[in-house]
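Residues per chain, in single letters:
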Amino acid sequence: MLAYHIENPNIFALTYLIATILFIFGLKGLASPKTALRGNSFAMLGMLIAVVATLLHPDVHSYQWIVYGLIGGAVVGILVARNIQMTAMPQLVAALHSFVGLSATLVALGTYLVHAARGELNPVLCVEIALGAAIGAITFTGSVIAFGKLQELLSSNPLVYLGQHFVNFALGLGILFLCGYFVMNPSFTPLLALTILALLLGFLLVLPIGGADMPVIVSMLNSYSGWAASATGFTLKNNLLIATGALVGSSGAILSYIMCKAMNRSFISVILGGFGGEAGAAAATGPTNKKVKSAAAEDVAFVMENSSKVIIIPGYGMAVAQAQHSVKELYHSLTVKGVEVKFAIHPVAGRMPGHMNVLLAEAEIPYDVVFEMEEINGEFSTTDVAYVIGANDVVNPAAKSDKSSPLYGMPILDVFKARQIFVSKRSMKAGYAGVDNALFYYDNCSLVFGDAKATCEAITQALGHS
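The following paragraphs examine the structure supplied in this document. Keep in mind that this is a model prediction, so the values were computed, not measured.

## What about the overall build of the protein chain?
Piece 1. Looking only at helices and strands, one finds 18 helices and six strands in the protein chain.
Piece 2. The C-alpha radius of gyration of the protein chain comes to 25 Å, within 12% of the 23 Å expected for a compact globule of 466 residues.
Piece 3. Overall, the C-alpha framework of the protein chain stretches about 80 × 50 × 35 Å when taken along its three principal axes.
Piece 4. Residues classed as buried in the protein chain amount to 48% of the 466 residues present.

Here you go:
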């Protein structure tokens, strides 16, 4: 299957520039739920233009294997997109990051083999190959570990060991040394060695990261995958891949930094393998023998109906129960009765950035009643009812008062200041960080045990009967 070509390089430069601009507009649109759909459309159009232009490049001599890859990728992508649950999106993102890292590593190794056979290696190309292999390998194995933690195949607790930072530092120095040696002596042995060390470093960097910090790691791995793609662009001499990789890498790094500030975490500490994780691991606790108060759906409905202001705090439990549409019905029932209802979103609620925003948008809850933590935290002290749906670590007061807690210092939603708190929970199981929630034992807090979707429907039904 022969390829069709466009020989004028200026056409490719212009086409790739247009695609890059569309990607930038796409990122801009994704900054807000109101413009996310438009941003996705810009990005998809940019990708379509990029793919078509690449297929017409003179370096493409045959479409046969490309068509096989497109068909295979389309089949897998459609099946995954149609069957994946929203609760599994974070681990899917981590898995996709691993594919990018693996691709970058394989491209680097393949490029070396091709150019070495032709005698076309030079120092600049060797630098590109070494960086692509190293960054790609770290991204690959780091993403595999993140997937394992998010899928609960591995413990969400920090897996720490004595001297871990020294080992990571030694591995980093070893990779840098081998990169330099490979540039000076471009043989396959140092390239393979640095790739193996980078694969090991990726494992060891993410293993010590605890569950509370996993959203930051997902974002950081997104950044790594971008830089891996950009390095691959240099290797393949593809300007569009360089630009888009840099966009993904820089935006992912900026988002990770913003999230670290929101969690009062050190950006450098998290990306270098969880400095301070040892203390967190030791302090993690499970449920205690303290007594909690429980409430029925009818009790919640009665208190909410006689309130003037209710704030709903969604969390991972809402995603697991797929309760967002039931929450929308509860919101509607309360507003019809004249109750002011708002939604409070913590930056790391769920398992990835924007997890809760996407779910609420899917249920068509108005954007103007959904507020980020810094916008709404001051309102809890004047709120009659705070209704927590499956959130745990992001509302735990221990983050403010218990210095031994691994959550200590992380800004939380000040739910404990509300006059009455109801928490929808399946059980007393600790949150993803493995820490017992002190909020459950407050005098103004009652737990509503059961599936979040069923509980919301029961509350809505009770409101309808009152």
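## Quick notes on the packing of aromatic side chains
Piece 1. Evaluated as defined, the whole model comprises eight aromatic pairs.
Piece 2. By way of ring pairs, the aromatic residues Tyr112, Phe182 and Phe188 are connected into one cluster.
Piece 3. Sitting over the ring of phenylalanine 371, lysine 342 keeps its end group 5.0 Å from the ring centre.

## Concerning the pattern of salt bridges
Piece 1. Taken as a whole, this structure holds nine salt bridges when the rule is applied.
Piece 2. Taking the shortest distance from any N to any O, the salt bridge between glutamate 340 and lysine 342 comes out at 3.6 Å.
Piece 3. Accessibility expressed as a relative area gives 13% for lysine 342, which makes it buried.
Piece 4. Taken together, the shared-partner salt bridges in this structure form one network comprising Lys309, Glu340, Lys342 and Glu379.

## Some details on the sheet that holds strand 4 (residues 385-389)
Piece 1. Here six strands make up an open sheet; going across it, the order is 3-2-1-4-5-6 and the pairing parallel. In this open sheet, the two edge strands, each paired with only one partner strand, are strand 3 (370-372) and strand 6 (445-449). Pairs of neighbouring strands in the sheet enclose a mean axial angle of 25 degrees, with direction left out of account.
Piece 2. Here strand 1 (residues 309-314) pairs with strand 2 (residues 340-345) via four bridges, running parallel. By the bridge assignment, isoleucine 311 is partnered in strand 2 with lysine 342.
Piece 3. Sitting on the sheet, helix 14 (residues 324-336) touches strand 1, strand 2 and strand 4, and the angle it makes with strand 2 is about 145 degrees.

## Digging into the environment of phenylalanine 166
Piece 1. With respect to the helices, strands and loops of the structure, phenylalanine 166 is situated in helix 6 (residues 164-184).
Piece 2. The exposure class assigned to phenylalanine 166 is exposed, which follows from its relative accessible area of 63%.
Piece 3. C-alpha separation for the pair phenylalanine 166 and isoleucine 258, spaced 92 residues apart in sequence, amounts to 28 Å.

## What about the nonpolar core?
Buried together is how nonpolar side chains tend to be arranged in soluble globular proteins.
Piece 1. Counting residues in each nonpolar core, the largest one holds 38 residues, and the members touching the most others are Met304, Ile312, Phe343, Tyr387 and Ile459.
Piece 2. Counting residues per element, the ones that place at least two in this core are helix 12 (297-305), strand 1, helix 13 (316-321), helix 14, strand 2, helix 15 (355-362), strand 4 and helix 18 (452-465).
Piece 3. Top contributing element to this core by residue count: helix 18, with five residues.
Piece 4. Core analysis: the second largest hydrophobic core is formed by 27 residues, Met259, Cys260, Leu413 and Val415 among them.

## Observations concerning the environment of serine 307
Piece 1. Inspection of the secondary structure puts serine 307 in the loop between helix 12 and strand 1.
Piece 2. Expressed as a C-alpha distance, the spacing of serine 307 and valine 385, which sit 78 residues apart in the sequence, is 7.1 Å.
Piece 3. Apart from residues no more than four positions distant in its own chain, serine 307 is found in contact with Val339, Asp384 and Val385.
Piece 4. Only 2.6 Å separates the side chain of serine 307 from the backbone oxygen of valine 303, close enough to count as a polar contact.

## Here's the deal with the pairing of strand 6
Side-chain direction in a regular strand flips from residue to residue, so the side chains alternate between the two faces of the sheet.
Piece 1. Across the five residues of strand 6, four count as buried, placing the element largely inside the fold.
Piece 2. Across five bridges, the pairing between strand 5 (residues 420-425) and strand 6 is parallel. For valine 423, the partnering residue across the bridge sits in strand 6 and is leucine 447.

## Here we look at the packing of helix 5 (residues 123-150) against helix 8 (residues 214-236)
Piece 1. Running from N to C, helix 5 and helix 8 cross one another at 155 degrees; their axes reach a closest spacing of 8 Å. Overall, the two elements helix 5 and helix 8 adopt an arrangement that is roughly antiparallel. Handedness of the crossing formed by helix 5 with helix 8: left-handed.

## A few points about a nonpolar patch on the surface
Piece 1. A grouping of Leu14, Leu17, Ile18, Ile21 and Phe25 is seen on the molecular surface, where their side chains present a nonpolar patch of about 460 Å² in accessible area.
Piece 2. Accessibility expressed as a relative area gives 39% for isoleucine 18, which makes it partly exposed.

The rules behind each value
Residues numbered from 1 in each chain as written. Predicted model: local features only at pLDDT ≥ 70, side-chain atom pairs only at ≥ 80, totals over all residues. Heavy atoms only, no water. Helix = DSSP H or I, 4+ residues; strand = E, 2+ residues; numbered from the N terminus. Rg over C-alpha atoms; globule rule 2.2 N^0.38 Å. Buried < 20%, exposed > 50% of the residue type's maximum accessible area, 1.4 Å probe, protein only. Phe/Tyr/Trp six-rings, centres within 6.5 Å; stacked < 30°, edge-to-face > 60°. Lys NZ or Arg CZ within 6 Å of the ring centre and 35° of its normal. Salt bridge = Lys/Arg side-chain N within 4 Å of Asp/Glu carboxyl O. Pairing = 2+ DSSP bridges. Axes fitted to C-alpha atoms, helices over the stretch in contact; angles between N-to-C directions. Contact = heavy atoms within 4.5 Å. Core = buried A, V, L, I, M, F, W, Y, C linked by side-chain atoms within 4.5 Å. Polar contact = N/O pair within 3.5 Å; in protein donor to acceptor, adjacent residues only side chain to side chain. Parallel < 35°, antiparallel > 145°, perpendicular 65-115°, else oblique. Left-handed = near helix turned anticlockwise from the far one by under 90°. Patch = residues over 30% accessible without salt bridge, like charges linked within 9 Å, V, L, I, M, F, W, Y side chains within 5 Å. Areas by Shrake-Rupley, 256 points an atom, 1.4 Å probe, with all protein chains shown as cover.

Function cannot be read off these values alone, since they describe shape.
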